[in-house]
Amino acid sequence: MNIPRLVVAAPSSGAGKTTIATGLIAALAARGLAVSPHKVGPDYIDPGYHGLAAGRPGRNLDAFMCGPERIAPLFLHGAAGADVAVVEGVMGLFDGASGRGELASTAHVSKLLRAPVVLVVDASSQSRSVAALVHGFASWDPEIRLAGVILNRVASDRHERLLRQALEEGSGVPVLGSVRRSAAVATPSRHLGLIPAVERSAEALRAVADMGELVAASVDLDEVLALARTAPPLTAEPWDPAAEVVPLAAGAARPRIAVAGGAAFSFSYAENTELLTAAGAEVVPFDPLHADALPEGTAGLVIGGGFPELYVRELSANGQLRSAIAAFAASGGPVAAECAGLLYLGRELDGLPMCGVLDTSARMTERLTLGYREAVALEDSTLLPGGARLRGHEFHRTVCEPEHGERPAWGWRLPTGLHLEGFAGTAGAKNVHASYLHLHWAGYPQLAAAFTAAAAAHRAG
């Protein structure tokens, strides 16, 4: 299967990859093309902007959490029916999972996708040196096809001429565009990075439109498309959620699984809900900021990541829903919660009452906890059996006290020793699994099947 595609990379974080990638997606979509947006790594926020620009879900390609063997299949699944795909990289081109070589780096994913790479260079503080930088990145790994450069934050026409002359003389990599400095397209940030698109609504739409207009005026889109069309066919088969799980028995009633969303719980991977649906569940989204009850007939509850700390007063004030969630968990209803979901299920967040399902309280701190984790499940739960090994990602500035219950969800190794974390059950039960660890269920599709089966059993009981 052949889908024109390219990877947008940079020498380092902060070079403007998200602005350029989102702008490319928006500009190509404005031409009437169906654009498939993708993001290397675990980040939830950038794909939100990509999705707004493309009009279809932004999807992650994470070789650490999902395995290198799934990257091309997941890409083909997400890009089905697209005219072109734009893949935004993570960090610097060659930066991946710490201490594991190229694993999960933008370079690694570009090889797995056999995709040409466009390097976004922050040219704001250099001129002739840009050629040495691009030459180095182009020659570092001969398996990477660095096929174009987009100059970002260019100061003036004279600055652009100097940059282009240096690149023509010293790198052999063509310049596809030159983007001027522009405060108008800046996306505001806070303690965990960019503000998610779902929170900014009209502002986010305007920002995406501005990015598209800037890129359309500054980048040769015909050259970009021609480059994307040089990507050779991929031999992999598209990932199929129905082939990954064992569905409920024929004739079994579909359990209704409520999935939290909205501004406070905006972190999710599209494949997670696709797997739940394939396993036989009816997935129903709801917004804890506004719903005063769980969806009628809820038999399972999934609460993913997000920013509950920013909406703690509203979440706390919604006592009806907090009570409903506590009652559901007390009845044995299966609950899977990650990060924000963990905070919401605790007694308190920053001193305000939460659901009280878990005997822990959370608070904001100045310390960022960030990184990939190789974890072992320490207890049986509705998600997985004890002893199972998974790879996930941690990203937060909060702490829970205590960090884990009598039945910790996970154990993993840190430089300081074994770290126990999370909650695998309440009051001796196994129905609640809550942890800081974000999981991409495409890497472990049995999670969806197990959780759907637990929801079906709860519904039948």
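Before any of the text, the structure's been laid out above.
In this text, all values refer to a predicted model and were calculated from it rather than measured experimentally.

Draft legend 1. Main features of the overall build of the chain. Secondary structure assignment for the chain yields 16 helices and 21 strands. Overall size of the chain, expressed as C-alpha extent along the three principal axes, is 70 × 45 × 45 Å. By residue count, 58% of the 461 residues in the chain fall in the buried class. When the accessible surface of the chain is summed, it comes to about 17,900 Å², and 52% of that surface belongs to carbon and sulfur atoms. Between the averaged position of the 37 positive side-chain charges in the chain and that of its 46 negative side-chain charges there is a distance of 3 Å.

Draft legend 2. How the structure looks around the packing of helix α2 (residues 45-54) against helix α9 (residues 202-218). Axis separation between α2 and α9 bottoms out at 10 Å; the angle between their running directions is 75°. Between α2 and α9, the crossing angle belongs to the class labelled roughly perpendicular. Contacts between α2 and α9 involve Tyr49, Leu52 and Ala53 from the former and Ala204, Leu205 and Val208 from the latter. By residue class, the composition of the contact of α2 with α9 is 6 nonpolar, no polar and no charged.

Draft legend 3. Region of interest: the state of the cysteines. Within the structure shown, the criterion is met by 0 disulfides. Looking at the unpaired cysteine 339, the closest cysteine sulfur is the one in cysteine 400, lying at 8.7 Å.

Draft legend 4. Structural view of the sheet that holds strand β21 (residues 432-435). Here we have 6 strands laid out as an open sheet, ordered β11-β10-β12-β13-β21-β20, and mixed in their pairing. Here the strands that pair on one side only, and so sit at the sheet edges, are β11 (282-286) and β20 (423-424). As paired elements, strand β12 (residues 298-303) and strand β13 (residues 335-338) share 3 bridges and run parallel to each other. What sits directly across from isoleucine 303, in β13, is alanine 337. Along the sheet, helix α12 (residues 270-278) makes contact with β10 (256-260), β11 and β12, crossing β11 at roughly 140°. Together, β10, β12 and β13 form the strand contacts of helix α16 (residues 446-460), whose direction differs from that of β12 by roughly 145°.

Rules used throughout
Residues numbered from 1 in each chain as written. Predicted model: local features only at pLDDT ≥ 70, side-chain atom pairs only at ≥ 80, totals over all residues. Heavy atoms only, no water. Helix = DSSP H or I, 4+ residues; strand = E, 2+ residues; numbered from the N terminus. Buried < 20%, exposed > 50% of the residue type's maximum accessible area, 1.4 Å probe, protein only. Areas by Shrake-Rupley, 256 points an atom, 1.4 Å probe, with all protein chains shown as cover. Lys, Arg positive; Asp, Glu negative; His and termini not counted. Charge placed at Lys NZ, Arg CZ, Asp CG, Glu CD. Axes fitted to C-alpha atoms, helices over the stretch in contact; angles between N-to-C directions. Parallel < 35°, antiparallel > 145°, perpendicular 65-115°, else oblique. Contact = heavy atoms within 4.5 Å. Nonpolar A, V, L, I, M, F, W, Y, C, P; charged D, E, K, R; others polar. Disulfide = S-S within 2.5 Å. Pairing = 2+ DSSP bridges.

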